[in-house]
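What the coordinates show
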Amino acid sequence: AQSVSQHNHHVILSEAASLELGCNYSYGGTVNLFWYVQYPGQHLQLLLKYFSGDPLVKGIKGFEAEFIKSKFSFNLRKPSVQWSDTAEYFCAVTTNTGGFKTIFGAGTRLFVKA
Amino acid sequence: DGGITQSPKYLFRKEGQNVTLSCEQNLNHDAMYWYRQDPGQGLRLIYYSQIVNDFQKGDIAEGYSVSREKKESFPLTVTSAQKNPTAFYLCASSIEQGRSYNEQFFGPGTRLTVL
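Quick caveat, the model's predicted, so the values are computed rather than measured.

**Things to note about the overall build of chain A**
Helix and strand counts for chain A come out as zero helices and twelve strands. Listing each helix as α and each strand as β along chain A from the N terminus yields β-β-β-β-β-β-β-β-β-β-β-β. Its C-alpha atoms give chain A a radius of gyration of 14 Å, within 12% of the compact-globule value 13 Å for 114 residues. Its C-alpha atoms put chain A at 45 × 25 × 20 Å along the principal axes. A buried classification covers 46% of the 114 residues belonging to chain A. Once local pairs closer than 6 in sequence are excluded, the contacts in chain A between residues at least 24 apart make up 56%. In the structure as shown, chain A presents an accessible area of about 5400 Å², 55% of it carried by carbon and sulfur atoms.

Below, the structure is given as structure tokens:
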């Protein structure tokens, strides 16, 4: 069965620290990859997505993610986090099979200390 | 102001009762989804609908039912057959199903508690 694994459930960083959140998926075919973010008290929203082309994708608020097909990974990065990045982050994968369902990871809660 | 609305925000139910969660969108999206979010488990798909009068079961459909009589509306009924209904329920939509690169837009969610 297809699955998405996020390695860290909770991450605590100080402001200006660099961030990398891991995401791996299990599916051998064509995938579309997403990172969603849920800020406290707000709707879940898209941070960035990959569906073709350059494997390095840039999103909102200085986030980027790199698709490495050989590693089945789509890690999220930010060079310098801010207090306002405190949120829960979800990696998600959609494939071209199974009715195009989206599979979500368990989420990573990031807390940035001011 | 386009978006997805869910009501109510909080819902309490006694065991053995059915309850219906509302989801409305004014984005003119074809596809709509219901997810259940539990701590440490991410989002799990309950049902989804590609077009009006059509819907498919997701991964955890047992104990739930839906209808899609209008493009804008996709209500979810949590029946008494659902063994562990206390959870946070999210409704989402996307421009069209069948295009795996389309992102989903989410509502604010309904927190259901069974007493």
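**Some words on the state of the cysteines**
Residue and element names in this part refer to chain B. Enumeration over the complete set of coordinates arrives at two disulfides over all chains. In this model C23 forms its disulfide with C91; the gap between the sulfur atoms is 1.9 Å. Measuring the twist about the S-S bond at about -75 degrees, one finds the C23-C91 disulfide to be left-handed. Here C23 is found in strand β3 (residues 19–25), whereas its partner C91 is found in strand β9 (residues 87–94), with 68 residues between them in sequence. Under the relative-accessibility criterion, C23 is labelled buried at 1%. Take C91: its relative accessible area is 0%, and that puts it in the buried class.

**Observations concerning the pairing of strand β8 (residues 64–68) of chain A**
Residues and elements named next belong to chain A. Here strand β7 (residues 56–58) runs beside β8; their pairing, made up of three bridges, is antiparallel. Bridge pairing in β8 links V57 to A65. In this structure, the hairpin formed by β7 and β8 is closed by a connection of five residues, where K61 is found at a positive phi of approximately 60 degrees. In this sheet, strand β9 (residues 73–78) lies alongside β8 in antiparallel orientation, the contact comprising five bridges. By the bridge assignment for β9, I68 is matched with S73. Linking β8 back to β9 in an antiparallel pair, the connection comprises four residues, with F72 at a positive phi of about 50 degrees.

**Comments concerning the interface of chain B and chain A**
Listed by partner, the interface residues are 22 residues for chain B and 23 residues for chain A. Summing both partners gives a buried area of about 1800 Å² for chain B against chain A, and 54% of it is carried by carbon and sulfur. Put simply, chain B and chain A have one salt bridge between them. For E103 of chain B, the salt bridge identified is with K49 of chain A, shortest N-O distance 2.8 Å. Connecting chain B to chain A are five residue pairs in polar contact (both at pLDDT 80 or more).

**Details of the pairing of strand β2 (residues 10–14) of chain A**
Residues and elements named next belong to chain A. Taking every second residue as pointing to the same face, the buried face of β2 carries V11 and L13, while none of H10, I12 and S14 on the other face is buried. Where β2 and strand β12 (residues 108–113) come together, five bridges link them in parallel fashion. Paired with V11 across the strands is L110, a residue of β12.

**A look at the layout of surface pockets**
The computed volume of the largest pocket comes to approximately 760 Å³. In terms of lining residues, the largest pocket is bounded by 32 residues, among which Q38, E88 and R109 of chain A together with F88 and R111 of chain B are the most central. Mapped onto the lining of the largest pocket, the elements with two or more residues apiece are β2, β10 (87–95) and β12 of chain A together with β4 (31–38) and β9 of chain B. Residue composition of the lining of the largest pocket, by class: 14 nonpolar, 13 polar and five charged.

**Describing empty space enclosed by the protein**
All names here are of chain A. One pass over the full model with this rule turns up two cavities of 30 Å³ or more. Lining the second largest cavity are Q2, S3, V4, Y25, S26, Y27, V93, T95 and I103. Of all elements in the fold, only β1 (3–6), β4 (23–26) and β10 reach the threshold of two or more residues within the lining of the second largest cavity. Looking at the lining of the second largest cavity residue by residue, the class counts come to five nonpolar, four polar and no charged.

Reading the values: rules and limits
- Residues numbered from 1 in each chain as written.
- Chains lettered and ligands numbered in written order.
- Predicted model: local features only at pLDDT ≥ 70, side-chain atom pairs only at ≥ 80, totals over all residues.
- Heavy atoms only, no water.
- Helix = DSSP H or I, 4+ residues; strand = E, 2+ residues; numbered from the N terminus.
- Rg over C-alpha atoms; globule rule 2.2 N^0.38 Å.
- Buried < 20%, exposed > 50% of the residue type's maximum accessible area, 1.4 Å probe, protein only.
- Contact = heavy atoms within 4.5 Å.
- Areas by Shrake-Rupley, 256 points an atom, 1.4 Å probe, with all protein chains shown as cover.
- Disulfide = S-S within 2.5 Å.
- Pairing = 2+ DSSP bridges.
- Buried area = accessible area lost by both parts, 1.4 Å probe.
- Salt bridge = Lys/Arg side-chain N within 4 Å of Asp/Glu carboxyl O.
- Polar contact = N/O pair within 3.5 Å; in protein donor to acceptor, adjacent residues only side chain to side chain.
- 1 Å grid on protein atoms, 1.4 Å probe; cavity = no way out; pocket = protein on both sides within 12 Å on 5 of 7 lines; lining within 4 Å.
- Points joined across faces, edges and corners; volume = space filled by probe spheres on them.
- Nonpolar A, V, L, I, M, F, W, Y, C, P; charged D, E, K, R; others polar.

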